[in-house]
Amino acid sequence: MVGAGSFGTAVAVLLARGGFRTTLQTRTPEQCRRLEADRENKAYLAGVELPRDLRIEPVSEGLARADYVFLGVPSRGLAEVIQGLEAAGLGRRTPVISLAKGLVPPEGTAPTVMLSAALGYGRVACVGGPAHAREMVTEGAGLVAASLDERLAGTIANVFMRAGVVCEQSSDPIGVELAGVAKNAAALAAGATEAVGLNAAGAAAGHIFQEVWRYAERQGARPESLIGLAGTGDLVGTALAPQSRNRRAGELLGKGVPAAEIPDRIGQAVEALDMVPLLAAALDRAGVEAPVTDALRRLIAGELPLDGWVAQVRATVPPPARFGPRGALRRAWEQSRAWVRRRSRRRTSRG
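This section reports on the structure supplied with the text. (Residues numbered from 1 in each chain as written. Predicted model: local features only at pLDDT ≥ 70, side-chain atom pairs only at ≥ 80, totals over all residues. Heavy atoms only, no water.)

### Some thoughts on the sheet that holds strand E5 (residues 69–71)
Now for step 1: In spatial order, the strands read E5-E6-E7-E8-E9; together these five strands make up an open sheet with mixed pairing. Strand pairing shows two members of the sheet lacking a second neighbour, E5 and strand E9 (166–170), which therefore form its edges. Across this sheet, the average inter-strand angle for adjacent strands is 25°, counted without regard to direction.
Now for step 2: Both E5 and strand E6 (residues 96–98) contribute to a ladder of three bridges, which runs parallel. (Pairing = 2+ DSSP bridges. Helix = DSSP H or I, 4+ residues; strand = E, 2+ residues; numbered from the N terminus. Axes fitted to C-alpha atoms, helices over the stretch in contact; angles between N-to-C directions.)

This is how it looks when you write it as structure tokens:
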């Protein structure tokens, strides 16, 4: 596990508890020494004991011994990590699994797209779904393991199941990643809007999801990835969690706190603050009309006041529905007629 933040630490704890020989790699030797001495990550996951069998070492020790590599680093730092995998001794066939729920700068690339370009799609996977770090190590979570390689997705899902966490398999990594992106942006948007009304907060989240879905569809993603655990499931978990970083960051934005000050206020990096500008740019390049995502970008940048943001949310009308051809309408009519006939027959038989 590369990265000893809250989620990386939680996953490492789960894997070690599940009987896997697990190594947690820290960013610096100093962090490694603190975790070794305390057997607890007081900075990011206080109160959770690190299993005795969990090995802790600095990232400088390399990856030559790894059978699987999980990347638990923020998406803004993924490009540097990916570029250093070969130098770190990554095996030629060793799978790499991204845990990031964001986009990689400077172009807003999905992590598995960048990993696949470097390693080939058969060695790459991602993990999504509702998984607050602290609750995951005590009560469980609902994860999704996604890869274009069926065997790899199944292996990762089985690893988490053995560690005591339910994990769905998916063949849609880009959909699962963009679902996480939509969730983070929607949580930030809802948090920034909640003080003026729950209807506005719900509309903000819904607009973000719709705009990201239109983009995801063009990337070949499937709708069930955004509807299921990785998308709406994760969003509900975040919306209900008072400790959610993205929700809290949105609330601070709504109170007028500059975005640059928010990570220090919260005590951790806030993925959505870095990711929303990348997302807005990616949607614009793809020709996707996304007024609410762009308004959120301007709110983060300090270019749009809160009342302007709220006005944009309330005034935005999504594109009209795409109605099917006459053949589809005829099939719907025939289905309704068939249902009426079946119901009539059941009533007759009862009589």
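### Here we look at the pairing of E9
Now for step 1: Where strand E8 (residues 142–146) meets E9, five bridges bridge the pair, whose relative direction is parallel. Its bridge partner being in E9, Gly142 is matched across the sheet by Val166.
Now for step 2: With respect to chirality, the unit in which E8 leads through helix H6 (residues 150–162) into the neighbouring parallel E9 is right-handed. (Right-handed = clockwise from strand over helix to strand, strands pointing away.)

### Considering the packing of helix H7 (residues 173–193) against helix H14 (residues 291–301)
Now for step 1: Two elements in contact, H7 and H14, have axes separated by 11 Å at closest approach and are oriented at 65°. The angle between the axes of H7 and H14 places the two elements in the roughly perpendicular class. Considering the relative orientation of H7 and H14, their crossing is left-handed. Contact residues: H7 offers Ala185, Leu188, Ala189 and Ala192, while H14 offers Leu296, Leu299 and Ile300. (Parallel < 35°, antiparallel > 145°, perpendicular 65-115°, else oblique. Left-handed = near helix turned anticlockwise from the far one by under 90°. Contact = heavy atoms within 4.5 Å.)

### Re the packing of H7 against helix H8 (residues 198–218)
Now for step 1: At a closest axis distance of 8 Å, the pairing of H7 and H8 adopts a crossing angle of 155°. Here H8 runs roughly antiparallel to H7, going by the angle between their axes. Judged by the sense of rotation from one axis to the other, the crossing of H7 with H8 is right-handed. Where H7 abuts H8, its residues Leu178, Ala179, Ala182, Lys183, Ala185, Ala186, Ala189, Ala190 and Thr193 lie against Ala200, Ala201, Ala204, Ala205, Ile208, Phe209, Val212, Tyr215 and Ala216.
Now for step 2: Of the residues contributing to the contact of H7 with H8, the split by class is 16 nonpolar, one polar and one charged. (Nonpolar A, V, L, I, M, F, W, Y, C, P; charged D, E, K, R; others polar.)

### A word on unusual backbone geometry
Now for step 1: Residue Pro106 is bonded to the preceding Pro105 through a cis peptide linkage, with omega at 10°.
Now for step 2: In this fold, Pro106 is placed in the loop between E6 and helix H4 (111–119).
Now for step 3: Of note, Arg39 is a non-glycine position whose phi angle comes to about 50°, a positive value.
Now for step 4: Mapped onto the fold, Arg39 is located in the loop between helix H2 (29–38) and strand E2 (40–41).

### A word on H6
Helical periodicity: at 3.6 residues per turn, an α-helix aligns residues three or four positions apart in one direction.
Now for step 1: Helix length check: H6, at 13 residues, gives a terminal C-alpha distance of 18 Å against a target of 18 Å (1.5 Å per residue), a fit within 8%.
Now for step 2: Along H6, the residues that are buried comprise Leu152, Ala153, Gly154, Ile156, Ala157, Val159 and Phe160.
Now for step 3: As for H6, its buried residues are in contact with helix H1 (6–17), E5, E6, strand E7 (124–128), E8 and E9.
Now for step 4: Measuring from the backbone nitrogen of Arg151 back to the side-chain oxygen at the start of H6 gives 3.2 Å, which picks out Asp149 as the cap. (Expected span 1.5 Å × (residues − 1). Buried < 20%, exposed > 50% of the residue type's maximum accessible area, 1.4 Å probe, protein only. Polar contact = N/O pair within 3.5 Å; in protein donor to acceptor, adjacent residues only side chain to side chain.)

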